[in-house]
Amino acid sequence: MVVRLRWIQHLARGESVMPEHWKLSPSDFAFLWEECRRCFYLKVVRGVAQPTTMPAIFNRIDSIMKQYFAGKSTGEIAPVLPPGTVAFGEKWVESSPIAVPGHRSTCFVRGKVDSVVKFEDGSYGVVDFKTSAARGHQLPLYARQLHSYAYALENPAPGKLNLAPVSRLGLLCVEPVEVVSLEEGGYAYRAKPTWIECPRDDGAFLAFIGQVLAVLDLPEPPQSGPTCRWCRYLEATRQILPP
């Protein structure tokens, strides 16, 4: 509401609209952006986010994976990676302002990186853990998230985590394939690990940020995504409930 009133005030006076400095979450660059630009806009501009529905079990599995790989050699992640070790995980990163030519507003990214690998050559890698196989059409979506972490590490806000250069990006997909019985009792999931490399393309990442800024600078939220279940739910309630 504050942003909308600011637009109205400036337009009523015949003034140009003041530029904004948007805070963006890397985790929203994949499915929220793809599913519904309206919900993305409402979260960033108006502070109204979709309800969280992630089951707790996935967070638990994710935490166990990060604990297991902490301090491990890169060979345990993927033999194709250069020699190095998993330095740390679960660190907050925040970038310096990102300005894209042709857009009046700027933005910055702030989020929590899954794991950072330190290679023996002095460079770093960003690894994102997944508990299921990544589909082919999803890889460009995850690439945005990985690039945002790399950008924040190499171009940090003052006082924030600074690691450069970031030479490798990728997904480690650990998908359960069967349940096995343990000799000491109990059961365990046997998982199949798959490493998916994400080629670095900063130009494509900045072009994507430009698309995001173009949407966020609209005076009103854009149309709902055709498959957005939250927008469909809200529209259904508006139709059946009295005003």
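Our structure's up above, just so we're on the same page.
Report on the accompanying structure. (Residues numbered from 1 in each chain as written. Predicted model: local features only at pLDDT ≥ 70, side-chain atom pairs only at ≥ 80, totals over all residues. Heavy atoms only, no water.)

**Focus: the packing of aromatic side chains**
Geometrically, a pair of aromatic rings is defined through the distance of the ring centres and the angle of the planes.
Consideration 1: Tallied over the entire structure, the rule returns seven aromatic pairs.
Consideration 2: Between Phe 29 and Phe 208 the ring centres are 5.2 Å apart and the planes differ by 80°, which places this aromatic pair in the edge-to-face class. Separated by 179 residues along the polypeptide, Phe 29 in the loop between strand E1 (21-24) and helix H2 (31-35) and Phe 208 in helix H7 (residues 202-216) bring together distant segments of the chain. Both residues of the pair, Phe 29 and Phe 208, count as buried.
Consideration 3: Within the aromatic cluster, the residues linked to one another by ring pairs are Phe 29, Trp 33, Phe 40 and Phe 208. (Phe/Tyr/Trp six-rings, centres within 6.5 Å; stacked < 30°, edge-to-face > 60°. Helix = DSSP H or I, 4+ residues; strand = E, 2+ residues; numbered from the N terminus. Buried < 20%, exposed > 50% of the residue type's maximum accessible area, 1.4 Å probe, protein only.)

**Comments concerning the environment of Arg 168**
Consideration 1: Residue placement: Arg 168 occurs in strand E5 (residues 166-181).
Consideration 2: With relative accessibility at 22%, the residue Arg 168 sits in the partly exposed group.
Consideration 3: A sequence separation of 144 residues divides Arg 168 from Leu 24, and the C-alpha atoms of the two residues are 23 Å apart.
Consideration 4: Apart from residues no more than four positions distant in its own chain, Arg 168 is found in contact with Val 80, Leu 81, Pro 82, Phe 119, Tyr 124, Gly 125, Val 126 and Glu 197. (Contact = heavy atoms within 4.5 Å.)

**So, the packing of helix H6 (residues 139-154) against H7**
The relative placement of two packed helices comes down to the angle between their axes together with the axis-to-axis distance.
Consideration 1: Taken N-terminus to C-terminus, the directions of H6 and H7 make an angle of 100°; their axes are 10 Å apart at the nearest point. Judged on the interaxial angle alone, H7 and H6 are roughly perpendicular. Residues Arg 144, His 147, Ser 148 and Tyr 151 of H6 touch H7, and the partners they reach there are Asp 202, Phe 205, Leu 206 and Phe 208.
Consideration 2: In terms of residue class, the contact of H6 with H7 is built from four nonpolar, two polar and two charged. (Axes fitted to C-alpha atoms, helices over the stretch in contact; angles between N-to-C directions. Parallel < 35°, antiparallel > 145°, perpendicular 65-115°, else oblique. Nonpolar A, V, L, I, M, F, W, Y, C, P; charged D, E, K, R; others polar.)

**Structural notes on the nonpolar core**
Consideration 1: Formed by 46 residues in total, the largest nonpolar core has its most connected members in Trp 22, Leu 24, Phe 29, Phe 40, Val 126, Ile 209 and Leu 216.
Consideration 2: With residues up to four places along the chain from it excluded, the contact list for Val 126 reads Val 113, Ser 115, Leu 146, Tyr 149, Leu 153, Val 166, Arg 168, Leu 169 and Gly 170. (Core = buried A, V, L, I, M, F, W, Y, C linked by side-chain atoms within 4.5 Å.)

**Structural notes on the pattern of salt bridges**
Consideration 1: Under the counting rule described, the total for this entry stands at 16 salt bridges.
Consideration 2: For Arg 46, the salt bridge identified is with Glu 220, shortest N-O distance 3.8 Å. Remark: Glu 220 occurs in the loop between H7 and helix H8 (229-240) and Arg 46 occurs in helix H3 (residues 37-46); sequence separation between them is 174 residues.
Consideration 3: Salt-bridge contacts for Arg 104 lead to Asp 217; the nearest nitrogen and oxygen are separated by 3.7 Å. Here the residue Arg 104 occupies a position in the loop between strand E2 (84-94) and strand E3 (106-119), and Asp 217 occupies one in the loop between H7 and H8, the gap between them amounting to 113 residues.
Consideration 4: Judged by its relative accessible area of 34%, Arg 104 is partly exposed.
Consideration 5: For Asp 217, a relative accessible area of 12% gives the class buried. (Salt bridge = Lys/Arg side-chain N within 4 Å of Asp/Glu carboxyl O.)

**Examining a nonpolar patch on the surface**
Consideration 1: A contiguous nonpolar surface patch, about 360 Å² in accessible area, is contributed by Met 54, Ile 57, Phe 58 and Ile 61.
Consideration 2: With respect to the helices and strands, the residue Phe 58 is situated in helix H4 (residues 56-69).
Consideration 3: On the basis of relative accessible area, Phe 58 is assigned to the partly exposed category, the value being 39%. (Patch = residues over 30% accessible without salt bridge, like charges linked within 9 Å, V, L, I, M, F, W, Y side chains within 5 Å. Areas by Shrake-Rupley, 256 points an atom, 1.4 Å probe, with all protein chains shown as cover.)

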